[in-house]
Amino acid sequence: MTERVDELADAFIVAYRRGEDPDLRTYLERAGEQRDELARLVEVLLRAVPPPEPTPEALALARTWVAEQEPPLVALRVRRGLKRDEVVDALRRSLGLGEAAREKLQLRYHELETGQLQPSRVDRRVWQALAETLRARAEELISWARPLTPVPAPVMFRADAPGGAPPSVLESREEPDEVDRLFGLS
Amino acid sequence: MATFEQMSDEDALDRQLYESRDIAQLLARYDRMIHNTCVAKLRGHADADDVAQAVRMRLLKEFERGKRYDVPYRVVVWKVVHWTVGGYFNAQRIDDPLPDDWDAEGGRLEDEVVTRFHLGGLLADLPGREREVAELRYVRMLEPDQIADELGIARNNVDQALWRANNKLREQWDD
């Protein structure tokens, strides 16, 4: 049992050190009942090893972020005292999406909130639902959610994984679904 | 290349960046460490992303306040992560700036370097083989077979040494 945790921790830390931006959540899922043990071991290893070097794209995003203090949509949400989950739940209800869409909706909203999506491509219904939730005007939100420095892959502060975009918490789909279309990714 | 020399170079680079006021590059360097540490501490909960964002904001605000430190910047980063995660679990606001004396809370930052952060401190009690293997695997990122070749030992000995090293690291975990 412990050996399995060691294998996962080893794989994660080596990928981390190589700048591959592994998704720790997927490793924790794979650990199953031993996720606590894995989390603790990874936590110590993260403290023990040097961090990976940021890519030029990640550094450019960081410089933009520092100049802008923080993503404006995040700032507004925080000022309204809302957690991201609460906004996602409100969007799902307003957009008439089923529970099965929640995970994808959470991912896409996170990308919108952190400036990784083009505001002009996002469906007007999303902006209206978001405006109602955040108690703001839709037009103002579209202005605030301006993208950060354009990068080839839709990531923020992450190194590009070799061979493609870094893995997401969610399973990627080859065909865009309704949520993808709402957020302008079709 | 030895681990401790590399860590000293890393610390020197961080200090240079801080002194030259390149906080963006510093934050970019530690961003993945911050994110993954928050995910680990919150066991993958979705709130980890917000907590990590709060850490970045606090580090930026500390920098803008002109805070100066006599310890490696990685120690500062870890302490801010620790403080912010603690605030989250105690249902405190984590989007507020840190209090002025946050780095004095629970002991001086310098003590953290001696007791918890220098790699030598983390692995100092290990026999030389575990220390060697951990360095080659986690810092130089060699594959186990490569480690076996470099040290002239069997692959199975590499696996056993890593297992013993990880067991030692588990003892270093603190809440």
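As a starting point, this report considers the structure included with it.

Criteria and thresholds
Residue positions are given per chain, counting from 1 as you read along its sequence in written order. Whichever chain is written first is A, and whichever ligand is written first is 1; the rest continue in order. Under the rules for a predicted model, residues below a pLDDT of 70 receive no local features and side-chain atom pairs below 80 are neither given nor counted, while totals for whole chains, interfaces and linings still include all residues. Side-chain measures were taken over the full set of non-hydrogen atoms in the model, leaving aside hydrogen atoms and water. The numbering of helices and of strands both runs from the N terminus, where a helix is a DSSP run of H or I of at least 4 residues and a strand a run of E of at least 2. A simple rule labels every residue: compare its accessible area, found with a 1.4 Å probe on the protein chains alone, to the largest value its type can have, and call it buried under 20%, exposed over 50%, or partly exposed in between. Shrake-Rupley sampling with a 1.4 Å probe provides the accessible areas, and residues are treated as covered by the protein chains on show and by no other component. Any two residues whose heavy atoms approach within 4.5 Å at even a single point are treated as in contact. The buried area of a pairing is the accessible area, by a 1.4 Å probe, that goes missing from both parts when the two are put together, added over both. Salt bridge, as used here: a side-chain nitrogen of Lys or Arg that lies within 4 Å of a carboxyl oxygen of Asp or Glu. What qualifies as a polar contact is a pair of N or O atoms within 3.5 Å, subject to a donor-acceptor requirement within protein and to the restriction that residues adjacent in sequence count only when both atoms come from side chains. Residues belong to one nonpolar core when they are buried, are Ala, Val, Leu, Ile, Met, Phe, Trp, Tyr or Cys, and are joined through side-chain atoms within 4.5 Å.

Here we look at the overall build of chain B
Line of reasoning, step 1. Each helix and strand counted, chain B has 9 helices and 0 strands in total.
Line of reasoning, step 2. For chain B, the succession of helices and strands along the chain, N to C, is α-α-α-α-α-α-α-α-α.
Line of reasoning, step 3. The proportion of buried residues among the 175 residues of chain B is 57%.
Line of reasoning, step 4. Only carbon and sulfur atoms are counted for the fraction: they give 48% of the accessible area of chain B, which is about 7,700 Å².

What about the overall build of chain A?
Line of reasoning, step 1. Each helix and strand counted, chain A has 10 helices and 0 strands in total.
Line of reasoning, step 2. When the elements of chain A are put in sequence order from the N terminus, they spell out α-α-α-α-α-α-α-α-α-α.
Line of reasoning, step 3. Evaluated residue by residue, chain A yields a buried proportion of 53% over its 186 residues.
Line of reasoning, step 4. Pairs at least 24 residues apart make up 69% of the contacts formed inside chain A by residues separated by at least 6 positions.
Line of reasoning, step 5. Total accessible area on chain A stands at roughly 8,700 Å², and carbon and sulfur atoms take up 47% of it.

As for the interface of chain A and chain B
Line of reasoning, step 1. On the chain B side, the residues contacting the 52 residues of chain A number 55 residues.
Line of reasoning, step 2. In total, chain A and chain B occlude about 4,900 Å² of area from one another, counting both sides; carbon and sulfur atoms represent 56% of this.
Line of reasoning, step 3. Three residues, Arg-25, Glu-43 and Arg-47 of chain A, lead the burial of chain A against chain B; their summed loss comes to 17% of the area buried on that side.
Line of reasoning, step 4. One can count 6 salt bridges joining chain A with chain B.
Line of reasoning, step 5. Applying the counting rule to chain A against chain B returns 12 residue pairs in polar contact (both at pLDDT 80 or more).

Some points on unusual backbone geometry
All names here are of chain A.
Line of reasoning, step 1. The phi torsion at Asp-21 lies on the positive side, around 50 degrees, for a residue other than glycine.
Line of reasoning, step 2. Counting through the fold element by element, Asp-21 comes out in the loop between helix H1 (2–17) and helix H2 (24–31).
Line of reasoning, step 3. Exposure remark for Asp-21: the relative accessible area of 7% places this residue in the buried category.

Topic: helix H5 (residues 72–79) of chain A
Residue and element names in this part refer to chain A.
Line of reasoning, step 1. With 6 of its 8 residues buried, H5 lies for the most part within the structure.
Line of reasoning, step 2. Buried residues of H5: Pro-72, Leu-73, Val-74, Ala-75, Leu-76 and Arg-77, and no others.
Line of reasoning, step 3. Where H5 terminates, the next one or two residues include Gly-81, which has phi positive at roughly 70 degrees.

Some details on the nonpolar core
Line of reasoning, step 1. Among the nonpolar cores identified, the biggest contains 73 residues, and Leu-38 of chain A together with Ile-34, Cys-38, Leu-59 and Tyr-73 of chain B are the most heavily contacted of them.
Line of reasoning, step 2. Broken down by element, this core gets its largest block of residues, 11 residues, from helix H2 (residues 23–41) of chain B.
Line of reasoning, step 3. Contacts of Cys-38 of chain B, omitting those with residues within four sequence positions, involve Ala-48, Val-51, Ala-52, Val-55, Val-81 and Val-85 of chain B.
Line of reasoning, step 4. Ranked by size, the runner-up nonpolar core spans 24 residues in total, among them Leu-76, Val-87, Ala-101 and Tyr-109 of chain A.

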